Amino acid sequence: MKVRIGTRKSQLALWQANYIANLINQIHGVEVELVKITTSGDKILDVPLAKIGGKGLFVKEIEDALLKGEIDIAVHSLKDVPTQLPDGLDIVAITEREDPRDAFLSVKYKSLQDLPTGAVVGTSSLRRKSQIMKMRSDLTIRDLRGNVDTRIRKLEEGQYDAIILAYAGLKRLGLDSKVSYIFSPQEMIPAVCQGFLGIEARVDDERIKKILEPINNQESFVISTAERSFLKTLEGGCQVPLGAYCEIKEGYINITGFIADLEGKTFIKESLSEKLIDTNQAEDLGQKLANILLEKGGKEILTKIYNL
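Residues numbered from 1 in each chain as written. Predicted model: local features only at pLDDT ≥ 70, side-chain atom pairs only at ≥ 80, totals over all residues. Heavy atoms only, no water.

**Q** Go over the nonpolar core, please, and point to the residues and values.
**A** With 33 residues, the main nonpolar core has Leu-78, Phe-230, Leu-234, Leu-242, Ile-253 and Ile-259 as its most contacted residues. At the level of secondary structure, the elements contributing two or more residues to this core comprise strand S4 (89-94), helix H9 (218-234), strand S11 (242-249), strand S12 (252-260) and helix H10 (280-306). Ranked by residue count, the leading element in this core is H10, at 9 residues. By size, the runner-up hydrophobic cluster in this structure holds 18 residues, among which are Ile-20, Ala-201, Ile-208 and Ile-211. (Core = buried A, V, L, I, M, F, W, Y, C linked by side-chain atoms within 4.5 Å. Buried < 20%, exposed > 50% of the residue type's maximum accessible area, 1.4 Å probe, protein only. Helix = DSSP H or I, 4+ residues; strand = E, 2+ residues; numbered from the N terminus.)

Pasting the structure below:
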């Protein structure tokens, strides 16, 4: 019996779906079919995501197809998946993390520091915007939507002096050569779960869960649990500038997170580290970090943003 994968139609989404399809085929010898689905986020390209409801726009139609039994699994960039999933669905496998960092692309300039005052930087991410403003408040930031190729084309046409994209997507599409500079996670904290692929399925589909078991990366599962717990506690979507980065090193689980106002003027950043004992503590750690940020001024930031 074949496995039907629901995916968006963009080049990157298809790369991701094919990657999982090949893994399933290699491990189990099962036939895999790709079912291409257009989401609301793919249709609305002229409005910033923060203004139209954020991340869920890229998954809703695919999740509907999953619930109706039209597909067996959905492959997502985990950073696009809201922390609240529809009843009956769950993320059942997470791949090993691709490079989670953000990349700086420019035709003329080597890094953010090289840009002249007033230079135009393209990004639709409030997380990136607030961190750029913190580093270089003299730059002009303009919204940038569209798939990876479209964004790079707009840069090369001269509509922007520089753009910021996720390095993971560029690597997957073989476009690393376009990158001028890569920000460390300390310089620019990545989006929650940037670089992970999350595979969503129906909770009662035991056949699919068994098929996906060998694809799940346990360390990725722990790290993403901490980051998603942080996001869930802050109830942050695309409307709030925030980010978190977790890693496991030498037996310790370390997480850094931030929340900022829309101008990047109030910027609250904290880190926590604990000896890794079991996977359950990841959720607590993410929650703990989020609560520290809320106490240090994050609550006021959220109240102000949601009352706009």
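**Q** Can you tell me about the sheet that holds strand S7 (residues 140-142), naming the residues and giving the values?
**A** The mixed open sheet is built from 5 strands, whose spatial order is S7-S6-S8-S5-S9. Each edge of the sheet is formed by a strand with only one pairing partner; in this case those strands are S7 and strand S9 (181-182). This element, helix H5 (residues 126-135), spans strand S5 (102-105), strand S6 (120-122), S7 and strand S8 (162-166) of the sheet and lies at about 130° to S8. In this fold helix H6 (residues 148-156) packs onto S5 and S8, with an angle of close to 160° to the strand it touches most, S8. (Pairing = 2+ DSSP bridges. Contact = heavy atoms within 4.5 Å. Axes fitted to C-alpha atoms, helices over the stretch in contact; angles between N-to-C directions.)

**Q** A description of helix H4 (residues 60-67) should follow, citing residues and the corresponding values.
**A** The complete set of buried residues in H4 reads Ile-62, Glu-63, Ala-65 and Leu-66. All buried residues of H4 project into a common sector of 155° when viewed along the axis, lining one side. As for H4, its buried residues are in contact with strand S1 (3-7), strand S3 (73-77), S4 and strand S10 (197-202). Count one or two residues on from H4 and you reach Gly-69, which has phi positive near 80°. (Arc of directions from axis to C-beta.)

**Q** Kindly report on the pattern of salt bridges, identifying the contributing residues and their values.
**A** Applying the stated criterion to the full structure yields 17 salt bridges. A salt bridge links Lys-2 to Glu-33; the shortest N-O distance between them is 3.0 Å. Highlighted residues: Lys-2 in the segment before S1 and Glu-33 in strand S2 (residues 32-36), separated in sequence by 31 residues. Given a relative accessible area of 36%, Lys-2 falls into the partly exposed group. Residue classification places Glu-33 among the partly exposed positions, given a relative accessible area of 31%. One salt bridge in this structure joins Glu-227 and Arg-97, with 3.0 Å as the shortest N-O distance. Taken together, the positions of Glu-227 in helix H9 and Arg-97 in the loop between S4 and S5 put the pair 130 residues apart, joining distant regions of the chain. (Salt bridge = Lys/Arg side-chain N within 4 Å of Asp/Glu carboxyl O.)

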